[in-house]
Amino acid sequence: MSTWRNWSGTESATGIETLRPGSVDELAAAVKTAAEQGKKLKAIGSGHSFTGCSVPEQVMIQLDGLSSILHADQSSGRVTVGAGTGLRKLNAGLAAFDLAMANLGDIDKQTISGAVSTGTHGTGARLGGLATQIVGLDLVTADGSVLHCSAEEHPDVFAAARISVGALGVISALTLQCVPAFLLRAQEMPLPLADVLDGFDEFADGNDHFEFYWFPHTEIALTKRNNRVGADVAAAPVGRVRGWVDDELLSNKVFELTNRLAVRRPATVPRINQLASRALSAREYVDASYKVFCSERNVVFRESEYAVPREHVVEVLRRLRDWIDASGERIPFPIEVRVAAPDDIWLSTASGRATAYIAIHQYHRLPHDPYFKAFENIVADYGGRPHWGKLHTLTADDLRARYPHFDDFLAVRDRLDPNRVFENAYTRQVFGA
């Protein structure tokens, strides 16, 4: 029996039976046996979700034995990969075939199946989240069968399973539509928050990938613009010393120390944030796409993220800033804002609408409930959809009103898992008993 704990320390489970199948046949047999014994089963990924979406109740499946590139076709760009493959390993493997994911999130510690199942996304007004890059997947269902689905084969399952929060079965393999490997020019610079908000649409539409971070209690935002370069432009990575100072020393070690100071002396937070925002300096570099997209984040925190219709994002952020200023809360962590194109995945946070994401964070040793609750109340006015892997309190009744295909998803779930082999407390919260 094992003890399981997620990265952020928000969820844990003890006395759990652990299975490590080394093949799809072993995985299918394990699922079938658990179902026949009336046990609840969860594939756990890397445990990087803040919610209880992957918490095992009786049996947990670790997919390390299914963690390799199974097939790569450079001419079509289609790559089939085992569900337990970590994003870092996947990115390096794709590069060896001169291929890349078209878009990525900002960390690479998740497994590919965990990342897509929770709706992980990056930023880009003309690009969707990771799940939009799936063109086929194999799903081990409660009866132990392996169901292959795509837009042509079992299209309803495909619409549901690309983002399913693990509620339909265990993904064993995914086929991704990749693109030729490419370089990105990264331009990072601090700008007045007012200028960023006033020009948000121009920033979002004028760059392949745009995001910004705003430190509460300041008037400065750190903007990040990532754009593809021409074939005649060579890589020019961040220097080793500058990279260590910016990405390891300042972003992790010093940031950890300033957050510990915030725990002991909350009144210093505005001053700390003002110093941090002034310490941000502009930099520009060119590197492989996955090296630009992904960064190292070691400071432990809590996070809530909501997707809102893109046309409302500036209004939401201004309301959140007003609440912070009036509340007396001290927030040492920045707020992150990104964008995504609409897609057709039933439980995607960008399903059917151009979307902007607002992600709020709090250091793990500081209280977060009042801040997160106020944020949730604000975004409710705009039909905000929570990231499935980040903290929220919404229930099935709330979510049904925010997802046009919510009941379609539940119908597929009823068909594939009538006995709820893959349920846990979180799925009971968000999908009902």
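Relevant structure appears above.
Residues numbered from 1 in each chain as written. Predicted model: local features only at pLDDT ≥ 70, side-chain atom pairs only at ≥ 80, totals over all residues. Heavy atoms only, no water.

Visitor: So what exactly am I meant to see when it comes to the state of the cysteines here?
Guide: Simply put, the disulfide is a covalent bond whose two ends are the sulfur atoms of two cysteines. The full count for this structure, using the stated rule, is zero disulfides. Not part of a disulfide, C53 finds its nearest cysteine sulfur in C294, a span of 19 Å. Here C149 is not disulfide-linked; the sulfur of C178 is the nearest cysteine sulfur, at 18 Å. On the accessibility criterion, C149 (0% relative accessible area) is buried. (Disulfide = S-S within 2.5 Å. Buried < 20%, exposed > 50% of the residue type's maximum accessible area, 1.4 Å probe, protein only.)

Visitor: How should empty space enclosed by the protein be read in this particular structure?
Guide: Over the atoms, a rolling probe the size of a water molecule traces out where space has been left empty. Within the structure shown, the criterion is met by two cavities of 30 Å³ or more. The space that makes up the largest cavity amounts to roughly 640 Å³. Broken down by secondary-structure element, the contributors of at least two residues to the lining of the largest cavity are β3 (41–43), α3 (112–117), β10 (170–177), β16 (301–309) and β17 (335–340). The leading source of residues in the lining of the largest cavity is α3, at four residues. Its residues assigned to classes, the lining of the largest cavity comprises 15 nonpolar, 20 polar and seven charged. When its volume is computed, the second largest cavity comes out at roughly 60 Å³. As for the second largest cavity, its lining consists of 14 residues, and the residues nearest its centre are G119, G129, I163, D343 and S348. (1 Å grid on protein atoms, 1.4 Å probe; cavity = no way out; pocket = protein on both sides within 12 Å on 5 of 7 lines; lining within 4 Å. Points joined across faces, edges and corners; volume = space filled by probe spheres on them. Helix = DSSP H or I, 4+ residues; strand = E, 2+ residues; numbered from the N terminus. Nonpolar A, V, L, I, M, F, W, Y, C, P; charged D, E, K, R; others polar.)

Visitor: Quick question: what am I supposed to make of the environment of S12 here?
Guide: One can find S12 in strand β2 (residues 12–19). Residue classification places S12 among the partly exposed residues on the basis of a relative accessible area of 49%. Residues in contact with S12, not counting those within four places in the same chain, are W4, R5 and V55. (Contact = heavy atoms within 4.5 Å.)

Visitor: Quick question: what am I supposed to make of the nonpolar core here?
Guide: Most often, soluble globular proteins have nonpolar side chains that are buried together. If you look at the biggest cluster of nonpolar residues, it comprises 118 residues, and the most contacted ones within it are I112, F212, W388 and F431. No other element matches the six residues that helix α10 (residues 313–327) contributes to this core. With residues near it in sequence (within four places) discarded, F212 still touches L193, V196, L197, F200, A221, L222, T223, L317, I335, E336 and V337. Counting residues in hydrophobic clusters, the runner-up holds six residues, among them W4, I16, V55 and M60. (Core = buried A, V, L, I, M, F, W, Y, C linked by side-chain atoms within 4.5 Å.)

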